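Coordinate analysis (summary)
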Amino acid sequence: MRKHLTLFFILIISHLNAQYNETIRTARPGQAIGPFTVGKNILQFQQGIEYDNNNIEQTSHTYVTSHVVRFGISELIELSAMLDYKSDKNSVNDTLVSTSGLSNLLVGFRVHLSNQKGIRPATCFQMRLRMPDISKTYGTRYVAPIIVFVANWRLPKSTTLTTNWILLYGGNNAIPTGRYVINFSFPVYKKLSSFVENYGQYRDKTFETRFDCGFAWLLNNNFQFDVSTGYGKNSVADYFISGGISWRLNLNKIKTPIQN
């Protein structure tokens, strides 16, 4: 039985292409993640800053800096970590209250499952665990999983359609949140690309949806700038503005010096 399973997985992997790409592939900008890993021995960094106005009609401002590190342990599997720092300013009874601290620490992995074949999409599975008690302000009580299934289609004229289907837990109770992302990406001019997205969530019989869009500029094969903005009107109207960079190191090309 073990031999049969081993042979089965070898056959699957042999039909999958290497994940390393000539140009960097990153989850920035936007909410969606793609179906590919970074590739074996590739160390990738994704960093950004975001401003959120959580209630346009009131004073409610949030700044978040985000740092993601991804490393490919094989062509099809990567490990990753994410760290967020948040600063909030809210108006409470005509008094401005400020809070700040670490808001997210996640560790996890991504596995590329299949390449696109006809109408069958390229797929991947990602899971990260949110660590508890990371700060007094934003810490949670329990380890909380965030599970993502990705389906991606390459379309004509270098366009792509990506969907994410997400199940996450907040870390303070056993009530999950279901989320989705639908992303359409397309080239604009030479190394400039763009995207439009619809994303939303369902929790406690409440559904919310938002839209965003943005641009990415590929400075070179290993370095990318991005900017994006989004808007939603659910119980209240809100919007965000975000910018960031993504870059990578190919450790396969770093040679160990010969010791005399």
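First things first, this report covers the structure right here in the doc. (Residues numbered from 1 in each chain as written. Predicted model: local features only at pLDDT ≥ 70, side-chain atom pairs only at ≥ 80, totals over all residues. Heavy atoms only, no water.)

Helix and strand content of the protein: one helix and 12 strands. Listing every helix and strand of the protein by position from the N terminus yields α-β-β-β-β-β-β-β-β-β-β-β-β. For the protein, the C-alpha radius of gyration of 20 Å lies close to 18 Å, the compact-globule estimate for 260 residues. For the C-alpha atoms alone, the extent of the protein along its principal axes is close to 65 × 50 × 45 Å. Sorting the 260 residues of the protein into buried and exposed places 38% on the buried side. Long-range contacts, defined as pairs at least 24 residues apart, comprise 49% of the intrachain contacts of the protein with a sequence gap of at least 6. By element, 62% of the accessible surface of the protein is carried by carbon and sulfur atoms, the whole surface being about 15,400 Å². Distance from the positive charge centre (27 side chains) to the negative charge centre (16 side chains) of the protein: 13 Å. (Helix = DSSP H or I, 4+ residues; strand = E, 2+ residues; numbered from the N terminus. Rg over C-alpha atoms; globule rule 2.2 N^0.38 Å. Buried < 20%, exposed > 50% of the residue type's maximum accessible area, 1.4 Å probe, protein only. Contact = heavy atoms within 4.5 Å. Areas by Shrake-Rupley, 256 points an atom, 1.4 Å probe, with all protein chains shown as cover. Lys, Arg positive; Asp, Glu negative; His and termini not counted. Charge placed at Lys NZ, Arg CZ, Asp CG, Glu CD.)

Within a sheet, adjacent strands bond to each other through the backbone by hydrogen bonds, running parallel or antiparallel. A barrel is described by the order of its strands in space; here 12 strands give the closed sequence β1-β2-β3-β4-β5-β6-β7-β8-β9-β10-β11-β12, paired in antiparallel fashion. Within the sheet, the average angular offset between the axes of one strand and its neighbour, ignoring direction, is 20°. Where strand β7 (residues 159-169) lies against strand β8 (residues 176-189), 10 bridges are found, and the strand directions are antiparallel. Looking across to β8, one finds that Leu168 is bridged to Thr177. (Pairing = 2+ DSSP bridges. Axes fitted to C-alpha atoms, helices over the stretch in contact; angles between N-to-C directions.)

Next up on the list: the nonpolar core. Ranked by size, the top nonpolar core spans 11 residues in total: Ala27, Ala32, Ile33, Cys124, Val148, Val150, Ile166, Leu168, Val181, Tyr199 and Phe240. Among the elements of the structure, β6 (144-155) and β7 are those that each provide at least two residues to this core. (Core = buried A, V, L, I, M, F, W, Y, C linked by side-chain atoms within 4.5 Å.)

Within the secondary structure, Arg70 is located in strand β2 (residues 60-72). For Arg70, a relative accessible area of 3% corresponds to the buried category. In terms of polar contacts, Arg70 uses its side chain to reach the side chain of Glu78, at 2.8 Å. (Polar contact = N/O pair within 3.5 Å; in protein donor to acceptor, adjacent residues only side chain to side chain.)

A word on the packing of aromatic side chains. In total, this model carries eight aromatic pairs according to the counting rule given. On the numbers, 5.1 Å between centres and 50° between planes, the contact of Tyr51 with Tyr63 is tilted. One end of the pair, Tyr51, is in strand β1 (residues 42-53); the other, Tyr63, is in strand β2, and 12 residues separate them in sequence. An aromatic cluster of three or more residues is present, and its members are Tyr51, Tyr63 and Tyr239. (Phe/Tyr/Trp six-rings, centres within 6.5 Å; stacked < 30°, edge-to-face > 60°.)

Turning our attention to the environment of Thr177. Relative to the assigned elements, Thr177 resides in strand β8. On the basis of relative accessibility, which here comes to 6%, the residue Thr177 falls in the buried class. Residues Thr177 and Ile166, spaced 11 residues apart in sequence, show a C-alpha to C-alpha distance of 8.1 Å. Among the polar contacts made by the side chain of Thr177, one reaches the side chain of Arg203 at a distance of 3.2 Å.

Attention now moves to the pattern of salt bridges. Tallying each qualifying case throughout the model produces six salt bridges. Note that Glu78 is salt-bridged to Arg70, the shortest N-O span being 2.8 Å. Note on accessibility: Glu78 and Arg70 belong to one class, buried. Salt bridges sharing partners connect three or more residues here, namely Arg70, Glu78 and Arg110. (Salt bridge = Lys/Arg side-chain N within 4 Å of Asp/Glu carboxyl O.)

Next up on the list: a nonpolar patch on the surface. Side chains of Leu83, Tyr85, Leu102 and Leu105 sit close together on the surface and give an oily, nonpolar patch of about 290 Å² of accessible area. For the nonpolar patch, the elements supplying multiple residues, two or more each, are β3 (77-92) and β4 (95-114). When you line up the elements, Tyr85 lands in strand β3. (Patch = residues over 30% accessible without salt bridge, like charges linked within 9 Å, V, L, I, M, F, W, Y side chains within 5 Å.)

Here we come to the environment of Thr95. Its place among the elements puts Thr95 in strand β4. Each C-alpha atom of the pair Thr95 and Lys157 lies 53 Å from the other, and the pair is 62 residues apart in sequence.

Two faces belong to every sheet, and in a regular strand the side chains alternate between them. Both β2 and β3 contribute to a ladder of 13 bridges, which runs antiparallel. Considered in β3, the bridge of Val69 is made with Ala81. The hairpin formed by β2 and β3 contains four residues between the paired strands.

For the bond from Arg28 to Pro29, the omega torsion is -10°, close enough to zero to count as cis. Here Pro29 is to be found in the loop between α1 (2-14) and β1. Of note, the phi angle at Lys190 is positive, near 50°, even though the residue is not glycine. Among the secondary structure elements, Lys190 is positioned in the loop between β8 and β9 (192-203). Taking relative accessible area as the criterion, Lys190 reaches 73% and is therefore assigned exposed.

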